[in-house]
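Chains, contacts and geometry: an overview
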Amino acid sequence: MTEQQKVHPVRDDFAANAHADKAKYQAMYQQSLEDPEGFWAEQAKRLDWIKAPTKIKHTSFDSHNVDIRWFEDGTLNASANCLDRHLATRGDQTAIIWEGDDPADSRHVTYRELYEHTCQLANGLKELGVSKGDVVTLYMPMIPEAAVAMLACARIGAVHSVVFGGFSPDALAQRVVGADSKLVITADESVRGGKQVPLKDNVDAALTRPGTEVCEKVLVVKRTGGEIDWQDGRDVWYQDLVDRQPTDCPAEEMNAEDPLFILYTSGSTGAPKGLKHTTGGYLTYASLTHQYVFDYQDGEVYWCTADVGWVTGHSYIVYGPLANGAITLMFEGVPSYPTHGRMGEIVDKHRVNTLYTAPTAIRALMAHGDDVMASSRRDSLRLLGSVGEPINPEAWEWFYRVIGNSQCPIVDTWWQTETGGIMISPLPGAMDLKPGSATLPFFGVVPALVDSEGNELKGATEGNLVILDSWPGQARSIWGDHDRFVQTYFSTYQGMYFTGDGCRRDEDGYYWITGRVDDVLNVSGHRMGTAEIESSLVAHDAVAEAAVVGFPHDIKGQGIYIYVTLTDGVEPSDALKKELTQWVRKDIGPIASPDVIQWAPGLPKTRSGKIMRRILRKIAANECDGLGDTSTLADPSVVDELIEHRVNR
Ligand code: PRX
């Protein structure tokens, strides 16, 4: 039996106490398809509505009229759902366990404290002139204030746009301008792996860029006390602002379809796009998926290792868990600091029950051998989860055996920034697991596979993954550019949401995501567009042309392989490679660091001038025998030249 065919049946003890066993999953899934209105009307009751919705689903995927609305006449407040309604029953229970970068640093924040801090900041935001509908950019470390800032925005109806703290000043500036954001919340520095990252300096640099004059104020949390520049009139210390505020703040009544947040993500073309998520549907979906996929039981300690800068952090560190009254662990650091045993040590220290992490982190640990986990027992764990990229069966088995002591089911959760919440995943009491497969769709999700013409493929097959009907967590638009939203997701295949992923379905109906079929890279679970990296490179004087492709990488999943054609008269050198690497890191951020740069005197192009990336991908993957038809190239000899000078790894 190959690794791919191995099955881990549902554990009986798990199924017995789970929110859903096989029969319940089947029944609920059927109902969600046969009667979506009835199903979602019922599920929406898990939230506290100010005015309960009577109109449930109003959605169209028709590319002439993409219109997605859920619960459209209902009103509620997301922050009140994550905080206020828990005060009577669990005000003194921990909401957030914060574990600092330094293992000696940790603290617990109760629901009442989180409520009070959120109200104080919400009042502070009002004092700064922020009101309903304004966009606030968050560029923050993984500290409780990041969750407080998100919830405070939600409380007053401001829209947050969290920008990952690893992005460069230019990337931050682009997002501030794109969202017309009048306030940035940041910290003096963040701390990761014992090193300081100069967040405030980056904000200062970002706000010198054209267009950023829209941003009037910068609110600064003191994290390290490190040296920073200060601009009077613009910069405000967080603590000074919140200390003078009352600990109560009324929650703004929001329509279900009012925006809750924007989150930028990369696509195959153009600049990153700000996906718009709204309030009622998103929160219903984040909360329901968190309960069922992680089989969350009251009082359990749940840890998602993502950063709040990504959608995983939004839905499964903050909104889903807090809406469910869960104990959510937030970790400031990295899994390799001070040693590679850190993740297990955190599990033991806080008696973590659920660990939700990324394949790249698992593969990095696995490379150090089983002993890497010797400093911890991890006997509190009940469930493991994986997200962000395909998990190879070897990494799945290692995660299961070494981290989970062969005791914990693994939920391999497939979803996207655009989907708002988990779409295809095991429910741990209901699905037999196959390592490497995300298994079956969540309630209300209708996946299908289509060929390149959009014909639906039935049975066991492989194709492009589409979703046929709307679900409440879905992004509603791209901020300020609905046409681009329609163009990107609904025009490739008429009447269907196109995910950009390839996928196989096996004879049991299980889904196996094979990776992106467009020009989007997934490097260590970080999503980026080849076009973004290319446009950064061609802005350098030495570069005439650049083509970027992904290649298989043992730890990162995909690495970044760059072909560069130099400007006439520029000589290739190792020093120039270093310079270009630094250039991209500075322009986009360290996550876009090239792994390989190859000098390319010419790039393979069709006679109409289109770069044939298929060929570049094959060369980068060292699959030079299977290049396929190169006869349509304007100059086929460039291919031999590229193969000959391929950079060996
Ligand atoms: O290619 C898929 C991959 O990550 C992409 C979405 O990236 P992002 O919007 O940054 O969201 C990541 C976290 C939800 C998808 O199009 N992906 C995500 N989860 C999985 C996955 N690929 C395979 N298996 C997964 N479990």
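Small disclaimer: the values here were computed from a predicted structure and weren't measured.

Details of the overall build of the chain
Along the chain, the regular secondary structure elements total 20 helices and 31 strands. In summary, the chain has a C-alpha radius of gyration of 24 Å against a globular reference of 26 Å for 649 residues, a match within 12%. Each of the three principal axes of the chain carries a C-alpha extent, and together these read 75 × 65 × 55 Å. Counting over 649 residues, the chain shows a buried share of 53%. Sequence separation of at least 24 residues holds for 70% of the intrachain contacts in the chain that already meet a minimum separation of 6.

Observations regarding the environment of Thr54
Along the chain, Thr54 turns up in the loop between helix 3 (36–43) and strand 1 (57–60). Judged by C-beta crowding, with 10 C-beta atoms within 10 Å, Thr54 ranks as exposed. Linking Thr54 and Phe71, residues 17 residues apart in sequence, is a C-alpha distance of 7.0 Å.

Here we look at the site of the ligand
Taken together, 23 residues sit near the ligand, with Pro390, Gln416, Thr417, Ile513 and Arg527 positioned nearest. Listed by contribution, the elements that provide at least two residues to the shell around the ligand are helix 12 (311–323), strand 20 (410–413), strand 25 (497–505) and strand 26 (511–516). Residues that form the shell around the ligand fall into these classes: eight nonpolar, ten polar and five charged.

Structural notes on unusual backbone geometry
Cis rather than trans, the peptide bond between Tyr337 and Pro338 has omega equal to -5°. In this fold, Pro338 is placed in the loop between strand 17 (327–331) and helix 13 (342–350). Backbone geometry at Thr439 places phi at a positive 65°, although glycine is not the residue there. By the secondary structure assignment, Thr439 is in the loop between strand 20 and strand 21 (447–450).

Examining the sheet that holds strand 5 (residues 106–110)
Sheet architecture is open: seven strands sit in the order 5-4-17-16-18-19-20, paired in mixed fashion. The outermost strands of the open sheet, each flanked by one partner alone, are strand 5 and strand 20. Neighbouring strand axes in the sheet, compared pairwise and without regard to direction, differ in orientation by 20° on average.

Some remarks on the pairing of strand 7 (residues 159–162)
The two faces of strand 7 match: Val159 and Ser161 on one face and His160 and Val162 on the other face are all buried. Following the chain from strand 6 (residues 135–139) across helix 7 (residues 144–156) to the adjacent parallel strand 7, one finds a crossover that is right-handed. Summarising the sheet, strand 7 and strand 14 (residues 259–265) pair through two bridges and their orientation is parallel. Counted as the bridge partner of Ser161 is Ile262 from strand 14.

Regarding helix 2 (residues 22–34)
Here helix 2 contains 13 residues, and its C-alpha end-to-end distance of 18 Å stays within 8% of the 18 Å for a straight helix at 1.5 Å per residue. Of the positions making up helix 2, those classed as buried are Tyr25, Met28, Tyr29 and Ser32. Across the axial projection of helix 2, the buried residues extend over an arc of 100°, all falling on one side. Exposed residues pointing more than 90 degrees away from the buried face of helix 2 are listed as Ala23, Ala27, Gln30 and Glu34. Tucked inside the fold, the buried residues of helix 2 contact helix 3.

Remarks on helix 16 (residues 482–490)
Every buried residue of helix 16 is accounted for by Phe485, Thr488, Tyr489 and Phe490. Each buried residue of helix 16 sits inside an arc of 150° when the element is viewed along its axis, so together they form one side. Those residues of helix 16 that are buried lie in contact with strand 24 (477–478) and strand 25.

Here we look at the UniProt feature "binding site: CoA" (unreviewed entry) in the chain
Here the UniProt feature "binding site: CoA" (unreviewed entry) sits at Arg192, Gly193, Gly194, Lys195, Thr312, Ser524 and Arg585. A stretch of 394 residues holds the annotated residues, and the largest C-alpha distance among them is 24.1 Å, long enough that they do not meet in one place. For Ser524, a count of 19 C-beta atoms within 10 Å puts it in the partly exposed group. When residues no more than four places from it in sequence are discounted, the contact partners of Ser524 are Thr360, Lys556 and Gly557. Leave out the neighbours within four places in its chain, and Arg585 touches Pro590, Ala592 and Ser593.

Comments concerning the sheet that holds strand 31 (residues 596–599)
Taken together, three strands build an open sheet; the order of strands is 29-30-31 and the sheet is mixed. Looking along the sheet, the strands with just one partner apiece sit at the ends: strand 29 (543–553) and strand 31. For this sheet the average axis-to-axis angle between neighbouring strands, irrespective of direction, equals 25°. Looking at chain direction, strand 30 (residues 557–566) and strand 31 are connected through four bridges and run parallel. Among the inter-strand pairings, Tyr561 is bridged to a residue of strand 31, identified as Val596.

A word on the UniProt feature "binding site: Mg(2+)" (unreviewed entry) in the chain
Taking the UniProt record as the reference, the feature "binding site: Mg(2+)" (unreviewed entry) is found at Val538, His540 and Val543. Those residues in contact with Val538 that lie beyond four places of it in its chain are Val543, Glu545 and Ala546. With respect to the secondary-structure elements, His540 resides in the loop between helix 17 (530–538) and strand 29. A count of 19 C-beta atoms within 10 Å places His540 in the partly exposed class.

Observations concerning the nonpolar core
Ranked by internal contacts, the top residues of the largest apolar core, which has 205 residues, are Leu138 and Ala149. Among the elements that make up this core, the one with the highest residue count is helix 7 (ten residues). Once residues lying within four places of it in the same chain are set aside, the contact partners of Ala149 are Leu121, Leu138, Met140, His160 and Ile185.

Rules used throughout
- Residues numbered from 1 in each chain as written.
- Predicted model: local features only at pLDDT ≥ 70, side-chain atom pairs only at ≥ 80, totals over all residues.
- Helix = DSSP H or I, 4+ residues; strand = E, 2+ residues; numbered from the N terminus.
- Rg over C-alpha atoms; globule rule 2.2 N^0.38 Å.
- Buried ≥ 20, exposed ≤ 12 C-beta atoms within 10 Å, placed from the backbone.
- Contact = placed C-beta atoms within 7 Å.
- Near = placed C-beta within 6 Å.
- Nonpolar A, V, L, I, M, F, W, Y, C, P; charged D, E, K, R; others polar.
- Pairing = 2+ DSSP bridges.
- Axes fitted to C-alpha atoms, helices over the stretch in contact; angles between N-to-C directions.
- Right-handed = clockwise from strand over helix to strand, strands pointing away.
- Expected span 1.5 Å × (residues − 1).
- Arc of directions from axis to C-beta.
- UniProt positions renumbered as here; feature names shortened; annotations may be inferred.
- Core = buried A, V, L, I, M, F, W, Y, C linked by C-beta atoms within 7 Å.

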